[in-house]
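Given next are the chains, with one letter for each unit.
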Amino acid sequence: MGMMACGIHAAPSAEVRELPGIIPRPLQLQVSAGAVGFDMSRGIRVHYNVSRSELGRAAVRALMAAEVDVLPEENVGELTVEQVAHDNKEWYAIEVSPQGIALRVAGLQALPCAAQTLAQSVVKDVAGKPALPTMQVEDAPLLPWRGLMLDPCRHPLSVEQTCKMLRIMARYKLNRLHWHLADDQGWRIEIKAYPRLTEVGSHRAETPLLANHEQGDGIPTEPFYYTQDEIRQVVAYANSLGITVIPEIEVPGHSCAAIAAYPELGNSDVPGYAPRVATTWGVLPYTYAPKEVTMKFLTAVFAELCELFPKAEFIHIGGDEAPREQWQRSPFVQKFMQQHGMRHAGQVQHWFTHRMAELLAAHGRRIIGWDEIIDDGAVPGDAVVMYWRSWVRPSSLLRALQAGHDVIQSPDSHFYFNFSQGKLPSDPKYRPHGSLTAEQDWRHVYAYNPVPEGISEEQRRHLIGLQANCWSESIADGPKLEYQTVPRLCALAEVAWLPAHMRQEKEFLGRIYAQYPWFEKEKINYRREDGSPARP
């Protein structure tokens, strides 16, 4: 199908000598340096035929979301949009001439990618006016999942700051926000069926000091959580940018906040049972008990979650760092294990994983779990494994691929953006969490190979994405989050987009520098090359 503008009104610029510094770099990019380009000083006029098709309207929305100046429809126009057949639904092509802009896309999901490429291609002509160079682009991503995980559980993150992070993600064609909404230190989402989750679980008695995580600050936190209206606001804003929000509720571990609100959900028959919202970091012993009351709770929570995130094809169930100590000491769980023929406590987690997969399949969703979910036996074949434990041998990445699972790579060796980037500013708030001082600057991220050697072509098809994780134990505010993320996120975006043989570190650095004006316009506290924050 194609919707072509007619009566194109020529809008030539002056000579364009400046080259765009696009991140991630398109697969094919030809720029006519020194030629006349397309004048952007008056914006892009849209022919009424374009805005009367679903594809055309979506293109206009994508361009506006990328902050490209799109003028109201007229009986003349400078934009054409056409849909073409292609196996990769994010494939797009752009042709810019002095007369107009032609977009070809494989599907609606390609439009945000094309729009961001155009937004990053606006430069100055020799007269100092904004212009697009005459150019041809053909492009498609290496991997379909390009994500960022945000953690508001350890330290709150406002709706405004979350939306700012979404804008940064969209600029670099990331398309999944993994939203970590519940953990030991806080429950951050309103659930109508269980109000004590936020009444009790959204605040704690104190928080570890940034400079010394072994010592609490003695200051009770204010309740913090996202109302369901705020959740819908963030989800809608993300959708407008071409980003899908994937929520995470941890099961069965990292559950102190939920169990503090509803103690019957935990292993209440173990000696010394006294759940509370955690005031320390690390792995804590409280886990859900395999009771029917627990499954009733999880069924209600995930039903509301699916309603709040209608476009999330996956729901993340956590599954990491679930201690077995309480299960081993609980008479109820020991009896449960005997009844189900379980030989060790790890099989209790296995039971939870299967129950969650069944529960979410009823809502038409697939589960994602951290790579621990495959440690204790087979899990449903359509479960997605999020690989993070880079030190485990044999590799959980390869084990997941060999079992036929789709895999998202977020190894702590490269993509834990809470880790140090090397030289630190003098301000103590820029210190990493505890002993987590691995130096992972953007160059380290950029060197990652997302396609391991020795895997089969079938296994290669199961490598569906990359993701950076921003755990917030030592990220207490928006400026620190931005410092830890930018420009490392640019490097991750290119690794997920561009085949390894096309990446060149020195050339990429030049394109990072080309992003600095946008960083400044957006007031981003990015990390400069010397390690200093741009907006301390």
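The structure we're discussing is the one just above.
What counts as what
Residues numbered from 1 in each chain as written. Predicted model: local features only at pLDDT ≥ 70, side-chain atom pairs only at ≥ 80, totals over all residues. Heavy atoms only, no water. Helix = DSSP H or I, 4+ residues; strand = E, 2+ residues; numbered from the N terminus. Rg over C-alpha atoms; globule rule 2.2 N^0.38 Å. Buried < 20%, exposed > 50% of the residue type's maximum accessible area, 1.4 Å probe, protein only. Contact = heavy atoms within 4.5 Å. Areas by Shrake-Rupley, 256 points an atom, 1.4 Å probe, with all protein chains shown as cover. Lys, Arg positive; Asp, Glu negative; His and termini not counted. Charge placed at Lys NZ, Arg CZ, Asp CG, Glu CD. Salt bridge = Lys/Arg side-chain N within 4 Å of Asp/Glu carboxyl O. Phe/Tyr/Trp six-rings, centres within 6.5 Å; stacked < 30°, edge-to-face > 60°. Lys NZ or Arg CZ within 6 Å of the ring centre and 35° of its normal. Axes fitted to C-alpha atoms, helices over the stretch in contact; angles between N-to-C directions. Parallel < 35°, antiparallel > 145°, perpendicular 65-115°, else oblique. Left-handed = near helix turned anticlockwise from the far one by under 90°. Nonpolar A, V, L, I, M, F, W, Y, C, P; charged D, E, K, R; others polar. Polar contact = N/O pair within 3.5 Å; in protein donor to acceptor, adjacent residues only side chain to side chain. 1 Å grid on protein atoms, 1.4 Å probe; cavity = no way out; pocket = protein on both sides within 12 Å on 5 of 7 lines; lining within 4 Å. Points joined across faces, edges and corners; volume = space filled by probe spheres on them.

A look at the overall build of the protein chain
Scanning the protein chain from N- to C-terminus turns up 16 helices and 22 strands. For 536 residues, the compact-globule formula gives about 24 Å, and the C-alpha radius of gyration of the protein chain, at 25 Å, lands near that figure. In terms of its C-alpha atoms, the protein chain occupies a principal-axis envelope of roughly 80 × 50 × 45 Å. Burial statistics for the protein chain: of 536 residues in total, 60% are counted as buried. Considering only contacts within the protein chain whose residues lie at least 6 apart along the sequence, 73% involve residues at least 24 apart. Total accessible area computed for the protein chain in this model is approximately 20500 Å², and 52% of it derives from carbon and sulfur atoms. Side chains of the protein chain carry 53 positive and 63 negative charges; the gap between the two charge centres is 2 Å.

Things to note about the pattern of salt bridges
Counted according to the given criterion, the structure contains 32 salt bridges. Two residues, Arg146 and Glu90, come together in a salt bridge whose shortest N-O distance is 2.8 Å. Of this pair, Arg146 sits in strand β13 (residues 145-150) while Glu90 sits in the loop between β7 (79-83) and β8 (92-97), and the two are 56 residues apart along the sequence. Judged by its relative accessible area of 1%, Arg146 is buried. For Glu90, a relative accessible area of 8% puts it in the buried group. In this structure, Arg154 engages Asp151 in a salt bridge whose closest nitrogen and oxygen atoms are separated by 3.0 Å. Of the two residues, Arg154 and Asp151, neither departs from the other in class, the shared state being buried. Here the residues in one salt-bridge network are Asp371, Glu372, Asp375, Arg389 and Arg399, joined through shared partners.

Thoughts on the packing of aromatic side chains
Tallied over the entire structure, the rule returns 29 aromatic pairs. Ring centres of Tyr416 and Trp471 lie 6.4 Å apart, and the angle between their planes is 55°; on these two criteria the pair is classed as tilted. Of this pair, Tyr416 sits in the loop between β21 (407-409) and α12 (442-446) while Trp471 sits in the loop between β22 (463-470) and α14 (478-485), and the two are 55 residues apart along the sequence. Accessibility assignment for this pair places Tyr416 and Trp471 in one class, buried. Joined through ring pairs, the aromatic side chains of Tyr172, Tyr513, Tyr516, Trp518, Phe519 and Tyr526 make up one cluster. If you follow Lys173 out to its NZ or CZ, it ends over the ring of Trp497, 5.6 Å from the centre.

Digging into the packing of helix α3 (residues 159-171) against α14
The contact between α3 and α14 brings their axes to 11 Å, and the two run at 20°. Comparing their axes, α14 and α3 come out roughly parallel. Along this stretch, α3 crosses α14, giving a crossing that reads as right-handed. The segment α3 lies against α14, with Gln161, Lys164 and Met165 engaging Gly478, Leu481, Glu482 and Thr485. When its residues are assigned to classes, the contact of α3 with α14 shows two nonpolar, three polar and two charged.

Points about the side chain of Arg365
Among the structural elements, Arg365 can be located in the loop between α10 (346-361) and β19 (366-370). Buried and unpaired, Arg365 has no salt bridge, with Glu313 as the nearest side chain of opposite charge at 7.6 Å. Reaching out from Arg365, the side chain makes a polar contact with the backbone oxygen of Phe309 at a distance of 3.0 Å. Not counting residues up to four positions away in its chain, the partners in contact with Arg365 are Cys306, Phe309, Pro310, Ala312, Glu313, Ile315 and Leu360.

A closer look at empty space enclosed by the protein
Counting across every chain of the model gives three cavities of 30 Å³ or more. Leu150, Asp151, His155, Pro156, Leu157, Cys470, Ser472, Ile475, Ala476, Asp477, Gly478 and Leu481 are the residues that line the largest cavity. Class assignment for the residues of the lining of the largest cavity results in seven nonpolar, three polar and two charged. Reported here for the second largest cavity is a volume of approximately 40 Å³. Along the walls of the second largest cavity sit Ala62, Ala65, Ala66, Pro112, Ala115, Gln116, Ser240, Leu241 and Gly242, which together make up its complete lining. Contributions of two or more residues to the lining of the second largest cavity are made by α1 (54-65) and α2 (111-121). Sorting elements by how many residues they give to the lining of the second largest cavity places α2 first, with three residues.

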